[in-house]
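Here are the chains, one letter per residue:
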Amino acid sequence: MGVRVFVAGGTGVLGRRLVAQLVAGGHQVTATTTSAAKLEVLEQLGADGVVMDGLDALSVGEAVAKARPETIVHQMTAISVAHAGKPDLKHMDRWFATTSRLRTEGTDHLLAAAEAAGVSGFVAQSYANWNGIREGGWVKTEEDPLDLHEGTVAQPGLAAVAHVEEAVVEAGGAVLRYGGFYGPGAIDDQVELVRKRQFPLVGGGAGHSSWVHLDDAARATVLAVELRAKGVFNIVDDEPAPAAEWLPHLARCAGAKPPMRVPKWLARLLAGDVAVAMMTEGRGFSNAKAKRELGWELRHPSWRQGFEEALV
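Residues numbered from 1 in each chain as written. Predicted model: local features only at pLDDT ≥ 70, side-chain atom pairs only at ≥ 80, totals over all residues. Heavy atoms only, no water.

1. Observations regarding the packing of helix α6 (residues 97-117) against helix α7 (residues 155-170)
For any two helices packed against each other, one specifies the crossing angle of their axes together with the interaxial distance. Where α6 meets α7, the axes come as close as 7 Å, and the angle between the chain directions of the two elements is 20°. On the basis of their axis angle, the class for α6 and α7 is roughly parallel. Between α6 and α7 the crossing geometry is left-handed. Contact residues: α6 offers Ser100, Arg103, Thr104, Thr107, Asp108 and Leu111, while α7 offers Pro156, Gly157, Ala160, Val161, His163, Val164, Ala167 and Val168. Looking at the contact of α6 with α7 residue by residue, the classes come out as seven nonpolar, five polar and two charged. (Axes fitted to C-alpha atoms, helices over the stretch in contact; angles between N-to-C directions. Helix = DSSP H or I, 4+ residues; strand = E, 2+ residues; numbered from the N terminus. Parallel < 35°, antiparallel > 145°, perpendicular 65-115°, else oblique. Left-handed = near helix turned anticlockwise from the far one by under 90°. Contact = heavy atoms within 4.5 Å. Nonpolar A, V, L, I, M, F, W, Y, C, P; charged D, E, K, R; others polar.)

Take a look at the structure:
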């Protein structure tokens, strides 16, 4: 049976695919955007579009109350806005400032609106790319803590992710830790840097990352909605990979020259401590729980084939 679903953040790279999959699955979707100009996009996808400011409690409360959903899906970010320039790992706190607010204040507004409107289902976006705890093996499960990179420019953003997880799990909802997105529109900025040879390998490139195709991430989200999932799930592909493997492969698929290699000391000067930690010490994630408990099957099980399909 179809579910009335409220997608907060329906016009992002994942939101659009999620809305389309929910509608295709027979669900009644209300999706939000911050721009009236994008309402037509949501209507074309088959959703009822509404303009909402995720940082305004009144705006959120009114939108949720009017939609009368059974489940809320929190996909609000400002990453596309932040990407209007280029990725800025050296000033990550500024780059992700608005997204961090949406993951703290915005999450709280949505949870309050859900309680006020009697909405029992809640699914929220989290993050599982390179930010597993930097202890032990290279691949982490949901039982392993996330690394907040305390004392660095990454801490505010990662602390906001932790807030999402704590608040949503406490409220009885599901948290989906998405890997690094790829697919149409998801990594254009990174590919541009790779083609300009401005995305170097750092040190030995041993730091691991986990990836996921947008369509697979959307499918996992639909399953979480339909199964009324609770708890934390890593939504990543089957192959966590060191930077020394995935970055040269991305360059080949993009028709670019191999990435330059720079020592850690130079990368620290140019891009900061977080970039060095990401590419030399980052931890990837296991998807075993999502497969087991959600019955999730990936159409793109590895970034190796996925990058080729997306770029070649």
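2. A short note on the nonpolar core
Counting 58 residues, the largest nonpolar core has Val7, Phe181, Ile235, Trp246, Leu294, Trp296 and Phe307 as the members making the most contacts within it. Top element by residues in this core is helix α9 (residues 214-226). It accounts for eight residues. If we skip the residues at most four places from it in the chain, Trp246 touches Phe199, Ser209, Trp211, Ala241, Trp303 and Phe307. Listed in part, the 23 residues of the second largest apolar core include Val64, Met76, Ala167 and Val232. (Core = buried A, V, L, I, M, F, W, Y, C linked by side-chain atoms within 4.5 Å. Buried < 20%, exposed > 50% of the residue type's maximum accessible area, 1.4 Å probe, protein only.)

3. Considerations on the pairing of strand β5 (residues 121-127)
Counting buried positions along β5 gives six out of seven residues, so the element sits mostly inside the fold. As paired strands, strand β4 (residues 71-74) and β5 are joined by four bridges and run parallel to one another. Following the sheet pairing, His74 is matched in β5 by Ala124. Pairing analysis gives five bridges linking β5 to strand β7 (residues 174-178), with the strands arranged parallel. Looking at β7, one finds that Tyr127 is bridged to Tyr178. (Pairing = 2+ DSSP bridges.)

4. Thoughts on the sheet that holds β4
Taken in spatial order, the seven strands of this open sheet run β3-β2-β1-β4-β5-β7-β12, and their pairing is parallel. Every other strand in the sheet has two partners, leaving β3 (48-51) and β12 (231-235) as the edge strands with one partner each. Ignoring strand direction, the axes of neighbouring strands in this sheet form an average angle of 20°. Sitting on the sheet, helix α3 (residues 57-67) is in contact with β1 (4-8), β2 (28-33), β3 and β4, with an inclination near 160° to β1.

5. Describing the environment of Val232
For Val232, the position within the fold is in strand β12. Since its relative accessible area comes to 14%, Val232 is described here as buried. Among residues more than four places away in sequence, those in contact with Val232 are Glu142, Glu165, Val169, Val175, Arg177 and Lys289.

6. Comments concerning helix α8 (residues 188-195)
Residues Asp189, Gln190, Val191, Leu193 and Val194 constitute the buried set of α8. Buried residues in α8 make contact with β11 (211-213), α10 (243-253) and α14 (303-311).

7. Overview of α9
Over its 13 residues, α9 runs 18 Å from end to end, which matches the ideal 18 Å to within 8%, given 1.5 Å per residue. By the criterion of burial, α9 is predominantly enclosed, with 10 of the 13 residues buried. Turning to α9, its buried residues number three or more, namely Leu214, Asp216, Ala217, Ala218, Ala220, Thr221, Val222, Leu223, Ala224 and Val225. (Expected span 1.5 Å × (residues − 1).)

8. Details of the packing of α3 against α6
Where α3 contacts α6, the two axes come as close as 9 Å, and the packing angle between them is 40°. Regarding the angle of α3 to α6, the classification is oblique. Note that α3 runs across α6; the crossing there is right-handed. On α6, the residues that touch Ala57, Val60, Gly61 and Val64 of α3 are His109, Leu110, Ala113 and Ala117. A breakdown of the residues in the contact of α3 with α6 according to their chemical character gives six nonpolar, two polar and no charged.

9. Describing the packing of aromatic side chains
Tallying each qualifying case throughout the model produces six aromatic pairs. Both rings, one in Tyr182 and one in Phe307, keep their centres 5.2 Å apart while their planes meet at 85°; by these two values the pair is edge-to-face. Highlighted residues: Tyr182 in strand β8 (residues 180-182) and Phe307 in helix α14, separated in sequence by 125 residues. Within the aromatic cluster, the residues linked to one another by ring pairs are Tyr182, Phe199, Trp211, Trp246, Trp303 and Phe307. (Phe/Tyr/Trp six-rings, centres within 6.5 Å; stacked < 30°, edge-to-face > 60°.)

10. Side note on the pattern of salt bridges
Where charged atoms from two side chains of opposite charge come close, those side chains can pair. Tallying each qualifying case throughout the model produces 12 salt bridges. For Arg4, the salt bridge identified is with Glu70, shortest N-O distance 3.7 Å. On the criterion of sequence distance, the pair formed by Arg4 in strand β1 and Glu70 in the loop between α3 and β4 is long-range, its members being 66 residues apart. A residue is classified by how much of its surface remains accessible, and Arg4, at 27% relative accessible area, is partly exposed. The salt bridge involving Arg304 is made with Glu245; its shortest N-O contact spans 2.5 Å. Of this pair, Arg304 sits in helix α14 while Glu245 sits in helix α10, and the two are 59 residues apart along the sequence. You can call Arg304 partly exposed: its relative accessible area is 27%. Overall, the relative accessible area of 37% leaves Glu245 in the partly exposed class. Several salt bridges converge on common partners, so that one network encompasses Arg134, Asp147 and Glu281. (Salt bridge = Lys/Arg side-chain N within 4 Å of Asp/Glu carboxyl O.)

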